[in-house]
Amino acid sequence: MLITCPYCGPRDVIEFTYQGDANRTRPDPASTDQAAWNVYTYDRVNTLGDHAEYWQHSGGCRSHLKLVRSTLTHAISSTAFVRDHGEKKSASRRKPGAAT
Amino acid sequence: MAEYSVFSLLRNAFSAQPDWKPAWRKPDPKPEYDVVIVGGGGHGLSTAYYLAKEHGITNVAVVERGWLGQGNIGRNTTMIRSNYLLPQNQHFYEHSMKLWENLAHDLNYNVMFSQRGCLNLANSPSQLDDFARRGNAMRHVGIDAELMTPEQIKAFLPALDLNIGGRFPVYGGMVQRRAGTARHDAVAWGYARGADRRGVDMLENCEVTGFLRDGDRITGVRTTRGEIRAKKVAVAVAGHTGQLMKMADIDRLPIESHVLQAFVSEGLKPFMDTVVTFGAGHLYVTQSDKGGMVFGGDIDGYNTYAQRGNLPIVEDVMSELAAMFPGLARVRLLRSWGGIMDMSMDGSPIITTGPLPGMYLNTGWCYGGFKATPASGWCFAWTIARDEPHPYNAAFTLDRFHRGLVIDEKGQGSTPRLH
């Protein structure tokens, strides 16, 4: 499987670290909503077909990427830096270095 | 007289083999059953068998979209063990081990269950401490476990390089002598025949496309061979649980589907007579009765429904095998394949009533579904027949994740990479 890093170009999957499902939103760190945290921690949509997911180019430029990849064919239809997606950054304190 | 015996073999050998019947019929679907089991794999078939045998419920259909035993029951590395730390898992898997020990006799089908032992190598002192703890926990509830010194391992498995390339010396290990392997296809076929002879209908090439509902209650399934009504619908579809549950409007589950690869080498002369696991990485290997080395390692690690993996894991697994057994470095690989695992978020399974009325769910087997096949079916059948779990599977609920009652064997926290 080749992943085209927007910075480095096409690279082998071995250079990348999978960071999981991007179909979920972490509650605000200050939130005490137990149900929302449970859903974030445990529940997954487990998509068949195009799946939004995070990868890090850990063996390259170390960028965090958001991919849309088919879980049936492994074909990647979209690759972008996580920050380019314009996702709203949480105002609260985040773990240093964590993806948005 | 048993259907398969030395006498039936002889009688047929001296005639033109006229008396053999197909192991299961090919019936057309009836409009209604007491129980419809979705998924004709190991767990679905054993559920059907124990429903008929233990609970007398024979108006049952097993609905399978392809052919029986097409999925993970034929794609695993055939290893069986019950060496768990947590009591919920210990009692369940030990029950499975006891069913395995009598399975060939029970099914009148040779499942080639071979108790050749399972040796877990400790490649660091702390890992050995951990095995001592796990072994003591096992012995405490009556499961066999022995801690071994490197000298004992040398005698137990002479082929092993105790230095493992100098980097990961073996500090000791834990062996469960009652662990072993079985012939996976025979398990599926044996259960299928046992259930069929008791009246269960095996409906192959019958894909579920939706559920019949009466409000919240599930009242049957819509399939490519027509609608089938059922008082109870039981789901045992491993990696495709998410897809099926979406048909019942359940969008999220504590499950991710991942591919696990397995490998078999060309046939070799007898080389090792046990199952061994590598402690410094993740590798499990045994030698089949045909002589091939059967082995596997980690899942590929990303969500997928494709029954094939990528090369980094192949390289990783091969390097670990060659480190443990340098003599195997030039052995050629015969085949590799992948199966879709239903990875639960705490590494333990789910066997439960619900989540909707009229529905029963069996999923979350991670790497370990094969060894669980008998107990999974036994407990699932109990749960379906009595509408409540047996004590062996009472902890394997779906809502345990949200209630803080996870069964996290490794104490590692929520991740779909556990086993």
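In the block above lies the structure referred to throughout.
So, here is what we can say about the structure in this document. (Residues numbered from 1 in each chain as written. Chains lettered and ligands numbered in written order. Predicted model: local features only at pLDDT ≥ 70, side-chain atom pairs only at ≥ 80, totals over all residues. Heavy atoms only, no water.)

1. Structural notes on the overall build of chain A
Step number 1: Scanning chain A from N- to C-terminus turns up one helix and six strands.
Step number 2: Each helix and strand of chain A, ordered N terminal to C terminal, gives the series β-β-β-α-β-β-β.
Step number 3: Out of the 100 residues belonging to chain A, those deemed buried represent 36%.
Step number 4: Taking as baseline every contact in chain A between residues at least 6 positions apart, the subset at least 24 positions apart corresponds to 46%.
Step number 5: With an accessible surface of roughly 5,500 Å², chain A has 51% of that area assigned to carbon and sulfur atoms. (Helix = DSSP H or I, 4+ residues; strand = E, 2+ residues; numbered from the N terminus. Buried < 20%, exposed > 50% of the residue type's maximum accessible area, 1.4 Å probe, protein only. Contact = heavy atoms within 4.5 Å. Areas by Shrake-Rupley, 256 points an atom, 1.4 Å probe, with all protein chains shown as cover.)

2. Details of the interface of chain A and chain B
Where the parts come together, the accessible area they lose is often given as the size of the interface.
Step number 1: Between chain A and chain B, the residue contacts involve 25 residues of the former and 24 residues of the latter.
Step number 2: The largest share of the area that chain A buries against chain B comes from Tyr 42, Arg 44 and Asn 46 of chain A, three residues that together contribute 31% of it.
Step number 3: Remark: the boundary between chain A and chain B carries one salt bridge.
Step number 4: Across the chain A-chain B interface, the total number found is 16 residue pairs in polar contact (both at pLDDT 80 or more).
Step number 5: Listed by contribution, the elements that provide at least two residues to the side of chain A that touches chain B are strand S3 (17-21), helix H1 (34-42) and strand S4 (50-56) of chain A.
Step number 6: Considering every element that reaches the side of chain A that touches chain B, the biggest residue donor is H1 of chain A, with four residues.
Step number 7: Here the residues of the side of chain A that touches chain B are counted per class, giving 10 nonpolar, nine polar and six charged. (Buried area = accessible area lost by both parts, 1.4 Å probe. Salt bridge = Lys/Arg side-chain N within 4 Å of Asp/Glu carboxyl O. Polar contact = N/O pair within 3.5 Å; in protein donor to acceptor, adjacent residues only side chain to side chain. Nonpolar A, V, L, I, M, F, W, Y, C, P; charged D, E, K, R; others polar.)

3. Description of the packing of aromatic side chains
Step number 1: Summed over the entire model, instances satisfying the criterion amount to 20 aromatic pairs over all chains.
Step number 2: Geometrically, the ring pair formed by Tyr 49 of chain B and Tyr 50 of chain B is edge-to-face, given 5.1 Å between the ring centres and 75° between the ring planes.
Step number 3: Judged by its relative accessible area of 1%, Tyr 50 of chain B falls in the buried class.
Step number 4: Summarising the aromatic geometry, the rings of Trp 100 of chain B and Phe 370 of chain B are spaced 5.3 Å apart at their centres and angled 50° between planes, so their arrangement reads as tilted. You can see Trp 100 of chain B sitting in helix H3 (residues 87-101) and its partner Phe 370 of chain B sitting in helix H10 (residues 369-386), a full 270 residues away along the chain. Neither Trp 100 of chain B nor Phe 370 of chain B differs from the other in exposure class; each is buried.
Step number 5: Taken together, the ring pairs in this structure connect Tyr 84, Phe 92, Tyr 93, Trp 365 and Phe 396 of chain B into an aromatic cluster.
Step number 6: The lysine or arginine in question, Arg 24 of chain A, covers the ring of Tyr 40 of chain A, its NZ or CZ lying 4.5 Å from the ring centre.
Step number 7: The cationic tip of Arg 193 of chain B hangs over the ring face of Tyr 4 of chain B; the distance from NZ or CZ to the ring centre is 4.0 Å. (Phe/Tyr/Trp six-rings, centres within 6.5 Å; stacked < 30°, edge-to-face > 60°. Lys NZ or Arg CZ within 6 Å of the ring centre and 35° of its normal.)

4. Description of a nonpolar patch on the surface
Step number 1: Taken together, the side chains of Val 6, Phe 7, Leu 10 and Phe 14 of chain B present a nonpolar region at the surface, about 490 Å² in accessible area.
Step number 2: Looking at the element boundaries, Phe 7 of chain B is found in helix H1 (residues 6-13). (Patch = residues over 30% accessible without salt bridge, like charges linked within 9 Å, V, L, I, M, F, W, Y side chains within 5 Å.)

5. Brief notes about the nonpolar core
Residues and elements named next belong to chain B.
Step number 1: Grouped together as the largest cluster of nonpolar side chains are 62 residues, with contacts concentrated most on Phe 92 and Met 202.
Step number 2: With sequence-adjacent residues up to four places away left out, Phe 92 is seen in contact with Ile 351, Trp 365, Ala 372, Ala 375, Ser 376, Cys 379, Tyr 392 and Phe 396.
Step number 3: By size, the runner-up hydrophobic cluster in this structure holds 29 residues, among which are Tyr 33, Cys 206, Leu 244 and Leu 361. (Core = buried A, V, L, I, M, F, W, Y, C linked by side-chain atoms within 4.5 Å.)

6. Observations regarding the environment of Leu 68 of chain B
Step number 1: One can find Leu 68 of chain B in the loop between strand S2 (60-63) and strand S3 (79-80).
Step number 2: With 117 residues separating them in the primary sequence, Leu 68 of chain B and Asp 185 of chain B have C-alpha atoms 9.7 Å apart.

7. A short note on the pattern of salt bridges
Two side chains that carry opposite charge are able to pair once their charged atoms sit near each other.
All names here are of chain B.
Step number 1: A complete count under the given rule lists 26 salt bridges over all chains for this structure.
Step number 2: Where Asp 201 meets Arg 25, a salt bridge forms, and the shortest distance between an N and an O atom there is 3.3 Å. Of this pair, Asp 201 sits in strand S8 (residues 201-203) while Arg 25 sits in the loop between H1 and strand S1 (32-38), placing them 176 residues apart in sequence.
Step number 3: Overlapping salt bridges, with partners in common, bring together Glu 3, Arg 25, Arg 193, Asp 196, Arg 197 and Asp 201 in one network.

8. Here we look at the pairing of strand S11 (residues 226-235) of chain B
All names here are of chain B.
Step number 1: As defined by bridge partners, S1 adjoins S11 across six bridges and the pair is classed as parallel. Following the sheet pairing, Ile 37 is matched in S11 by Ala 234.
Step number 2: Counted between consecutive antiparallel strands, the loop separating strand S10 (residues 217-223) from S11 contains two residues.
Step number 3: Both S11 and strand S18 (residues 359-363) contribute to a ladder of three bridges, which runs parallel. Among the inter-strand pairings, Val 235 is bridged to a residue of S18, identified as Leu 361. (Pairing = 2+ DSSP bridges.)

9. So, the sheet that holds strand S5 (residues 146-148) of chain B
Residue and element names in this part refer to chain B.
Step number 1: One open sheet holds the eight strands; their spatial order is S5-S6-S4-S13-S14-S15-S12-S16, and the pairing between them is mixed. Since the sheet does not close on itself, it has two edges, and those belong to S5 and strand S16 (333-344), each with one partner. In this sheet, neighbouring strand axes are inclined to one another by 25° on average, regardless of whether the strands run parallel or antiparallel.
Step number 2: Of the strand pairs in this sheet, strand S12 (residues 255-267) and S16 are connected by 11 bridges, and their pairing is antiparallel. In the strand pairing of S16, Ser 265 is matched with Leu 333.
Step number 3: Of the strands in this sheet, strand S4 (118-122), S5 and strand S6 (172-176) touch helix H5 (residues 125-140), which is tilted by about 25° from S6. (Axes fitted to C-alpha atoms, helices over the stretch in contact; angles between N-to-C directions.)

Purely spatial values, then, with no claim about function.
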